[in-house]
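Per-entry structural report
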Amino acid sequence: MSDLTPTQDPLDATVAALAAAYPRLRRADPMVPAAPLAEVRLTPSGTARYRWSGYDIHVTAGHEDHRDPDSTMLHRQIRAHATLLVPQPLGAEGIGHVEWEMTNPRPQLVFPAALAVATADKGDPRFAAAVLSTVAQALTYARLATAHAAAHIPGTPGAGTRA
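The rules behind each value
Each chain carries its own residue numbering, running from 1 in the written order of its sequence. For a predicted model such as this one, the threshold for reporting local features is a pLDDT of at least 70, and the threshold for listing and counting side-chain atom pairs is 80 or more; totals across whole chains, interfaces and linings nevertheless cover every residue. Heavy atoms from the whole structure form the basis of all side-chain values; hydrogens and water molecules are not counted. In this text, helices come from DSSP runs of H or I with a minimum length of four residues, and strands from runs of E with a minimum of two, each type numbered from the N-terminal end. Relative accessibility decides the category of a residue: with a 1.4 Å probe and only protein chains considered, values under 20% of the type maximum give buried, values over 50% give exposed, and everything between is partly exposed. It only takes one pair of heavy atoms within 4.5 Å for two residues to be counted as in contact. The Shrake-Rupley method, run with a 1.4 Å probe sphere, supplies the accessible areas, and residue values consider only the shown protein chains as cover. The definition of a nonpolar core used throughout is a set of buried Ala, Val, Leu, Ile, Met, Phe, Trp, Tyr and Cys residues joined through side-chain atoms within 4.5 Å. What a helix should span is 1.5 Å times the count of its residues minus one. N or O atoms closer than or at 3.5 Å make up a polar contact, with two conditions inside protein: a donor-capable atom paired with an acceptor-capable one, and, for residues adjacent in sequence, both atoms drawn from side chains.

1. A look at the overall build of the chain
On a plain count of helices and strands, the chain comes out with 2 helices and 6 strands. Secondary structure elements of the chain, listed N to C terminal, follow the sequence α-β-β-β-β-β-β-α. Expressed as a percentage of its 163 residues, the buried residues of the chain come to 31%. Here the analysis covers contacts within the chain between residues at least 6 apart in sequence; of these, 54% occur between residues at least 24 apart. When the accessible surface of the chain is split by element, carbon and sulfur atoms take 56% of a total near 10600 Å².

Structure representation (structure tokens):
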């Protein structure tokens, strides 16, 4: 997502790349019906949630901080991680003895977090671009982790090959 020409707006370029890579990506919280993807909003606690193809992407924007000791500019850390709900973990049999098996009410896979640094000003288009870029990176990590896991689980198509 860093292939910008000098005259290209970072937010427009990020939204275009994100829409191409993850069609139908949408913000789930805070919910604003019909709001464009470029309109990044956070809850009062500095969080947002996006959805794409069964994945939930949880975003957290940190507090303003001087991340560069040689600069007076304020920045925020952006953290995003994707989760995938597994609605019916069928065929998962336990090993060993238990008195009775319990069902996990919300079985989900959690993928590695993506981290980035953005300008502190939440109204700056560069902040929105950083949030959306971090969402894309979290989805990329989810895809890579899924491919890696599938390649290493015996009995899975493609198992034994390195991802």
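2. Overview of unusual backbone geometry
Leave glycine aside and you will find that most residues have negative phi; peptide bonds, for their part, are mostly trans. With an omega of -5°, the peptide bond running from Asp 29 to Pro 30 counts as cis. By the element assignment, Pro 30 lies in the loop between strand S1 (26-29) and strand S2 (47-52). For Arg 24, which is not glycine, the phi torsion reads 70° and is therefore positive. Position of Arg 24 relative to the elements: it lies in the loop between helix H1 (10-21) and S1.

3. Comments concerning the nonpolar core
Leu 25, Tyr 50, Tyr 55, Ile 57, Val 59, Leu 132 and Leu 139 are the most contacted members of the largest nonpolar core, which has 32 residues in total. Where this core is concerned, the elements lending two or more residues are H1, S2, strand S3 (55-61), strand S4 (75-85), strand S6 (114-119) and helix H2 (125-152). At 11 residues, H2 tops the list of elements feeding residues into this core. Contact partners of Leu 139, with chain neighbours within four places excluded, come to Tyr 22, Leu 25, Trp 52, Tyr 55 and Ile 57.

4. Points about the environment of Thr 43
You can see Thr 43 is positioned in the loop between S1 and S2. Spatially, the C-alpha atoms of Thr 43 and Pro 30 are 6.0 Å apart, while their sequence positions differ by 13 residues. Not counting residues up to four positions away in its chain, the partners in contact with Thr 43 are Asp 29 and Pro 30.

5. Here we look at H1
Taking 1.5 Å per residue as the helical rise, H1 with its 12 residues ought to reach 16 Å, and the 16 Å between its terminal C-alpha atoms agrees with that figure. If you check which residues of H1 are buried, you get Leu 11, Ala 13, Thr 14, Val 15 and Leu 18. For H1, the elements touching its buried residues are H2. For H1, the side-chain oxygen to backbone nitrogen distance between the N-cap and Leu 11 is 2.6 Å, and the N-cap itself is Asp 9.

The quantities given are spatial measurements derived from coordinates; they are silent on function.
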